[in-house]
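Residue strings, one per chain:
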Amino acid sequence: MKIRALFLLGLLAFAIAGFAQQPPFYADIQAFKQLDRERKPEKNGILLIGSSSFTYWKDVNSYFPGYPITNRGFGGSSLPDLIRYADDIVDPYAPEQILIYCGENDFAGATDTLKAATVVNRFKTLYGILRAKAPQASIVYVSMKASPSRRKYFPKIKAANKAIADFLKTEKNTGFIDVFPIMLNANGQPKPEIFRADSLHMNEKGYAIWQKVFQPVLLQTPQVKFINDLLGKMTIEEKIGQLNLVVGGEATTGSVVSTGVEEKIKKGAVGGIFSVTSPDRVRKIQEIAMNNTRLKIPIIFGLDVIHGYKTIFPIPLGLSCSWDMALIESTARTAAQEASADGLNWTFSPMVDIARDPRWGRIAEGSGEDPFLGSAIARAMVKGYQGDDLQANNTLMACVKHYALYGAAEGGRDYNTVDMSHARMFNDYFPPYKAAVDAGVGTVMASFNDIDGIPATANKWLLTDVLRNQWGFNGLVVSDYTGVSEMIAHGIGDLQHVSAQALKAGLDMDMVSEGFLTTLGVSLKSGKVTEAEITEACRRVLEMKYRLGLFQDPYKYCDPNRAKTEIFTHTNRALARAAAARSSVLLKNNRSVLPLAKKGRIALVGPLANSRENLVGTWAVSADYAHPPVSLYTALQSAAGSAGLLYAKGANISEDSAYEARVSIFGKKMERDTRSAAVMIDEAVKAAAQADVVIAALGETAEMTGESSSRSLIGIPESQLALLRALKKTGKPVVVVLFTGRPLVLTELEPNADAILNVWFGGSEAAPAIADLLFGDANPSGKLTTSFPRNEGQIPIYYAHRNTGRPLEGEGFQKFRSNYLDVSNEPLYPFGYGLSYSNFTYGEVELSSKSLRGDQTLTATVTVTNTGKVVGEEVVQLYLRDVVASNTRPLKELKGFKKISLAPGASQKVSFTLTTQDLKFYNNELKYDWEAGAFVIFIGGDSKSAKGVSVQWEK
């Protein structure tokens, strides 16, 4: 009996352990740590720690512009919680000042017998820990406030506040901010108007009161002091001048060019210039500002450094298919190194717009359809550009764009209207922008489109309420090219009106329109804007320049020796070659046609087989078109070994010469063959007849995607399809090397090709990388980040769609179900798909538990085996489905991925850890939380084939 009792006790202990919870607020601390991993913690600044009065003050930085404040408040915490987590919330930041708000919850969370002295002693314990950790820091206690819902604790709160204040008087380098009395009205009662509906937490009016008493106490950093002093010397005209961003004459981003730039600089009417490069030119322009203006404020120099500077990397959509964050960060780091060596210090990148409509040309510049992957890439790009030290002369200030929703333009037509629910914005489209902000991006660019009927450039909800107040962004917001003046055509008002509306909404810098420059002075006099609003925008411009170190050395980016030794180096080109190979996606490989042997005879045909300029892709504005990359034809000649190479163009890009002319721009001219289509095809067929295998270089030119390059039909042009059909009839194996900047409709191409290698536009070293892949010197490892539709009628198409009340079950058409009469619901190639010269098999998904509670963590594991004959890389992908929720949820959502390398015959266990953070979503009330219930965990090689296992997760 005793043994049985002990056994039952043991079982009970095991069961309790199984449901053991992490300490209170463990998830909050882990979330802080994740933020610090994504963005290097700001050190030597002001640290806020404490409970919900700090947690709810998400936009504290906007109350104290320029102050380096890190907010690490976690709602509901008491003093013992701060003591428990002191290492986690203090050590990473090495603060020079610590502000503490805590103690209320000690009273509210305990019995009425808790004495004020107990809370005071808890504070003294916390103080001792903090003083040991930060001996030089100023430690300031913010008194417990007068919340209406906690009136019964007021006597204890006042006693504790006084005792803590008295204690701090005996300590050095301390402070006390007494907020209790200022929150009471004349009758000694809490002011109801400064509290939220819960009568506990403050609203904006409450924090405005706090701002007044905090301001004199906050530590003034050298940056804050310098900029405050400078602003105090500036005239209103000089402040407005800083808000003007002009083009310097090398731009290809718009049709308007700024005039009289030199005279404007001398008048202090230019804050920044873009599209001017080279150390000599940048120095000459900077000298104009430094030698001819009263306050000698330096100019910032920017450019669209999108996927490389002189060394061009794959277009961003292609690069995203590498699923390799270290590689992506390295490409941005290299781009920053080169651009900064050539005089630049600001890039209008990364572009993180989620796009699910491949008709939209700018899908080429983003990272695809998924917000989880897009967020990871946004963080990697920001880190690559900005590095760990923006004061260094080899980093660039990044600018995340286009905020927001630009990729959701109706009909895939560029600049068009966007209209969607706020829940979809927050769940599907906002995450990559927020990830960039969390990673510390310095600037944000407003998008062209309207949102809720208001252009983003003047949308206060977007630029202030969400970006600054909810997300805590404290950097600079710039318009897109002529974004301010384009609001006139939107029908918002004249230039003066739209400029004033943009400033009041939170826009700081006007690119090219010069609406701020020419109208804000008038608007100030008429009361349409305030001097405080102009000053605040100017402050952000100055802060940007200070962070870059331009006030210390305006010429720090003007070293001609760097330009000679750090641009387009062998190392950089080797990285570009590797990136191009790792970004390519093998879509089809029947009978293992690829890789090719370096013997026999190879016929290379197609309109892109001997093209050079197009290989860099769209929006490569700094590429050297005088010395373009080698063509695929040249690269194959070098790489083919003893194989003979035959060449025939075979077709023009399009049968429509006018269409071809429209896409032969920006230095990427296609030489049109004037022979008839029949003659060209016949020549190609004769070459194929003499060969053992045919390589057909088909697809789009670089400028068939990009800005203002939307297509209503996204298939391969008929001139190229006719060539492919003729090649197929020869009976020779046909390998299509597909050049594209978007997911294409390939339903006519696919059956006429034995292998399809999607190479996107790979940049400076595209052709050698393609040769590496074709001959097996590199193994394809890319995976799609967009779904490829079967036809345009399926668009928009993406894997993370929601179910309907009548979902299609099984294959084939089913009446009264959500499907098409004439085409499958499924894409031709799903998100996450990509083949290899290796073969990978997946074991069953194993879970650490199938029943979880609260903040427990789940580990999901799968064994992956390389059953092929060569070393290969596989992207292992984890997806999640929330089966039942208060709002309809996607059938699958990406929540993790790992890229692994396996030798032939080798196996590896791949594990992922999931927490309740991974379960959260925004509901229709925009509350961000997770809901208990059933979930399905999928792991596999793409979004369609992943295997699933169910798990129950309770609160």
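Residues numbered from 1 in each chain as written. Predicted model: local features only at pLDDT ≥ 70, side-chain atom pairs only at ≥ 80, totals over all residues. Heavy atoms only, no water.

**Here we look at the confidence of the model for the protein**
Parts of the prediction with low pLDDT should not have their coordinates interpreted in detail. In this model, the protein carries an average pLDDT of 94, and 97% of its residues clear a pLDDT of 70 or more. Residue range residues 1-20 is modelled with pLDDT below 50. Its contacts to residues more than four positions away, or to other chains, number 5 contacts. Counting interchain partners and residues more than four positions distant, the pLDDT-below-50 stretch residues 250-257 has 23 contacts. (pLDDT = per-residue confidence, 0-100. Contact = heavy atoms within 4.5 Å.)

**Examining the sheet that holds strand E11 (residues 443-446)**
Remark on secondary structure: sheet strands pair via backbone hydrogen bonds, oriented parallel or antiparallel. The strand order E10-E11-E14 describes an open sheet built from 3 strands, whose pairing is parallel. In this open sheet, the two strands that pair with only one neighbour each are strand E10 (399-403) and strand E14 (476-478). Direction aside, the axes of adjacent strands within the sheet are offset by 25 degrees on average. Taken together, the 3 bridges between E11 and E14 define a ladder with parallel strand orientation. Of the residues in E14, the one forming a bridge with Val 444 is Val 477. (Pairing = 2+ DSSP bridges. Helix = DSSP H or I, 4+ residues; strand = E, 2+ residues; numbered from the N terminus. Axes fitted to C-alpha atoms, helices over the stretch in contact; angles between N-to-C directions.)

**With respect to the side chain of Ser 654**
Locating Ser 654 in the fold gives a position in the loop between strand E18 (644-648) and helix H28 (657-662). Here the side chain of Ser 654 touches Asp 656 through a polar contact of 3.0 Å, landing on its backbone nitrogen. Those residues in contact with Ser 654 that lie beyond four places of it in its chain are Tyr 659, Glu 660, Arg 672, Pro 717 and Ser 719. (Polar contact = N/O pair within 3.5 Å; in protein donor to acceptor, adjacent residues only side chain to side chain.)

**A word on the packing of helix H22 (residues 495-505) against helix H23 (residues 515-525)**
Packed helix pairs are specified by the crossing angle of their axes together with the interaxial distance, meaning the distance between the axes. The geometry of H22 relative to H23 is characterised by a closest axis approach of 9 Å and an angle of 90 degrees between their N-to-C directions. The orientation of H22 relative to H23 falls into the category roughly perpendicular. Here Leu 495, Gln 496, Ser 499, Ala 500, Ala 502 and Leu 503 of H22 come into contact with H23, specifically with Gly 515, Phe 516, Thr 518, Thr 519, Leu 520, Val 522 and Ser 523. Of the residues that constitute the contact of H22 with H23, the class distribution is 7 nonpolar, 6 polar and no charged. (Parallel < 35°, antiparallel > 145°, perpendicular 65-115°, else oblique. Nonpolar A, V, L, I, M, F, W, Y, C, P; charged D, E, K, R; others polar.)

**So, the environment of Leu 727**
Inspection of the secondary structure assignment puts Leu 727 in helix H30 (residues 718-729). Exposure remark for Leu 727: the relative accessible area of 0% places this residue in the buried category. If we ignore the near neighbours within four places in the chain, the residues touching Leu 727 are Val 605, Ala 684, Ala 688, Val 694, Ala 696 and Val 734. (Buried < 20%, exposed > 50% of the residue type's maximum accessible area, 1.4 Å probe, protein only.)

**Here we look at unusual backbone geometry**
Excluding glycine, a negative phi dihedral is what most residues carry, and trans is how most peptide bonds are arranged. Along the chain, Ser 349 connects to Pro 350 via a cis peptide bond; the corresponding omega equals 15 degrees. Residue His 402 is bonded to the preceding Lys 401 through a cis peptide linkage, with omega at -5 degrees. Checked against the element boundaries, His 402 lands in strand E10. Of note, Leu 405 is a non-glycine position whose phi angle comes to about 70 degrees, a positive value. Within the fold, Leu 405 resides in the loop between E10 and helix H18 (422-429).

**Focus: the side chain of Asn 779**
For Asn 779, the location among the structural elements is in the loop between helix H31 (766-774) and strand E22 (840-842). Under the relative-accessibility criterion, Asn 779 is labelled buried at 18%. In terms of polar contacts, Asn 779 uses its side chain to reach the backbone amide nitrogen of Tyr 837, at 2.9 Å. A polar contact of 2.9 Å, which involves the side chain of Asn 779, links it to the backbone oxygen of Val 871. Those residues in contact with Asn 779 that sit more than four places away from it in its chain are Leu 773, Ser 836, Tyr 837, Ser 838, Val 870, Val 871 and Gly 872.

**Focus on the packing of aromatic side chains**
Evaluation of the coordinates by the stated rule reveals 49 aromatic pairs. On the basis of an interplanar angle of 65 degrees and a centroid distance of 6.0 Å, the ring pair of Tyr 406 and Phe 448 is categorised as edge-to-face. Highlighted residues: Tyr 406 in the loop between E10 and H18 and Phe 448 in the loop between E11 and strand E12 (450-451), separated in sequence by 42 residues. Since its relative accessible area comes to 0%, Tyr 406 is described here as buried. On the basis of relative accessibility, which here comes to 7%, the residue Phe 448 falls in the buried class. Three or more aromatic residues joined by ring pairs form one cluster here, namely Phe 54, Trp 57, Tyr 63, Phe 64, Tyr 67, Tyr 101, Tyr 207, Trp 210 and Phe 214. The ring centre of Tyr 798 lies 4.2 Å from the NZ or CZ of Arg 356, which sits over that ring. The ring of Phe 912 carries Lys 898 above its face, with NZ or CZ at 5.3 Å from the centroid. (Phe/Tyr/Trp six-rings, centres within 6.5 Å; stacked < 30°, edge-to-face > 60°. Lys NZ or Arg CZ within 6 Å of the ring centre and 35° of its normal.)

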